[in-house]
Amino acid sequence: MIARHPKREDIRLEAVLTALGNPIRLAAVRTIAVGGEHPCCDVLPQIPKSTMTHHWRALRDSGVVWQRHIGRAYRLELRREDLDSRFPGLLDSILGPLVSDPLTQETIAEYDRSRQDAPA
């Protein structure tokens, strides 16, 4: 599979905002923004890989992250330089409040609880 990464000049604001409009993707982007490049499976390990694959595609196709294939693993990196160039201040405006936003963490915790309660 060949990953689709838009060129810097092709990153569209509405695509970025749509991708960041999901609380799970917001939590993932915040994790990557704070900790730098991550293996895909380490960003939100409590969420199934199949679910995260969908979210990684949305973030990658919108131009929010780079997804690189290294050996048998995929790694994610925030496209901060590209996003800051296209939309100055956007990432800081979105990510800044997430440091103390309880709703993002509540969403992840709620998803995790529902997974634990599901029959095996």
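Shown above is the structure to which this text applies.
What you see is a predicted model; the values in this text were computed from it and never measured. (Residues numbered from 1 in each chain as written. Predicted model: local features only at pLDDT ≥ 70, side-chain atom pairs only at ≥ 80, totals over all residues. Heavy atoms only, no water.)

> Before we move on, can you summarise the pattern of salt bridges with the specific residues and values?
Across all of its chains, the model carries nine salt bridges by this definition. Arginine 60 is paired through a salt bridge with aspartate 61; the nearest N and O atoms lie 3.5 Å apart. For aspartate 84, the salt bridge is made with arginine 80, and the minimal N-O distance between the two is 3.7 Å. Of this pair, aspartate 84 and arginine 80 both sit in helix 5 (residues 80-86), four residues apart, which is roughly one turn of that helix. Salt bridges sharing partners connect three or more residues here, namely Arg8, Arg79, Glu81 and Asp82. (Salt bridge = Lys/Arg side-chain N within 4 Å of Asp/Glu carboxyl O. Helix = DSSP H or I, 4+ residues; strand = E, 2+ residues; numbered from the N terminus.)

> Account for the environment of arginine 80, with residues named and values stated.
Given a relative accessible area of 29%, arginine 80 falls into the partly exposed group. Spatially, the C-alpha atoms of arginine 80 and tryptophan 66 are 9.9 Å apart, while their sequence positions differ by 14 residues. Contacts of arginine 80, omitting those with residues within four sequence positions, involve Leu91, Asp92 and Leu95. (Buried < 20%, exposed > 50% of the residue type's maximum accessible area, 1.4 Å probe, protein only. Contact = heavy atoms within 4.5 Å.)

> Help me get a handle on the sheet that holds strand 1 (residues 38-39), residues and values and all.
Read from one edge of the open sheet, three strands run 1-3-2, paired in antiparallel fashion. Because the sheet does not close on itself, it has two edges, and the strands there are strand 1 and strand 2 (65-70). In the packing of helix 2 (residues 23-35) onto the sheet, contacts are made with strand 1, strand 2 and strand 3 (73-78), and the angle to strand 3 comes to roughly 80°. (Pairing = 2+ DSSP bridges. Axes fitted to C-alpha atoms, helices over the stretch in contact; angles between N-to-C directions.)

> How would you explain helix 2 if you had to name every residue and give the values?
Taking 1.5 Å per residue, 13 residues should reach 18 Å; helix 2 reaches 18 Å between its end C-alpha atoms and fits that length. Among the residues making up helix 2, those that are buried are Ile24, Arg25, Leu26, Ala27, Ala28, Val29, Arg30 and Ile32. Immediately downstream of helix 2, the backbone of glycine 36 shows phi near 80°, a positive value. (Expected span 1.5 Å × (residues − 1).)

> Would you mind going over helix 4 (residues 49-62) in detail, with residue names and values included?
Given 3.6 residues per helical turn, the α-helix brings residues three or four places apart onto the same face. Here helix 4 contains 14 residues, and its C-alpha end-to-end distance of 20 Å stays within 8% of the 20 Å for a straight helix at 1.5 Å per residue. Buried residues of helix 4: Met52, His55, Trp56, Leu59, Arg60 and Ser62, and no others. Buried positions in helix 4, seen along its axis, are confined to an arc of 165° and lie on one side of it. Opposite the packed face of helix 4, turned more than 90 degrees from it, sit the exposed residues Ser50 and His54. Buried positions along helix 4 lie against helix 1 (13-19), helix 2, helix 3 (40-43), strand 2 and strand 3. Looking one or two places after helix 4, you find glycine 63, whose phi comes out positive at around 95°. (Arc of directions from axis to C-beta.)

So yeah, pure geometry; function would need other evidence.
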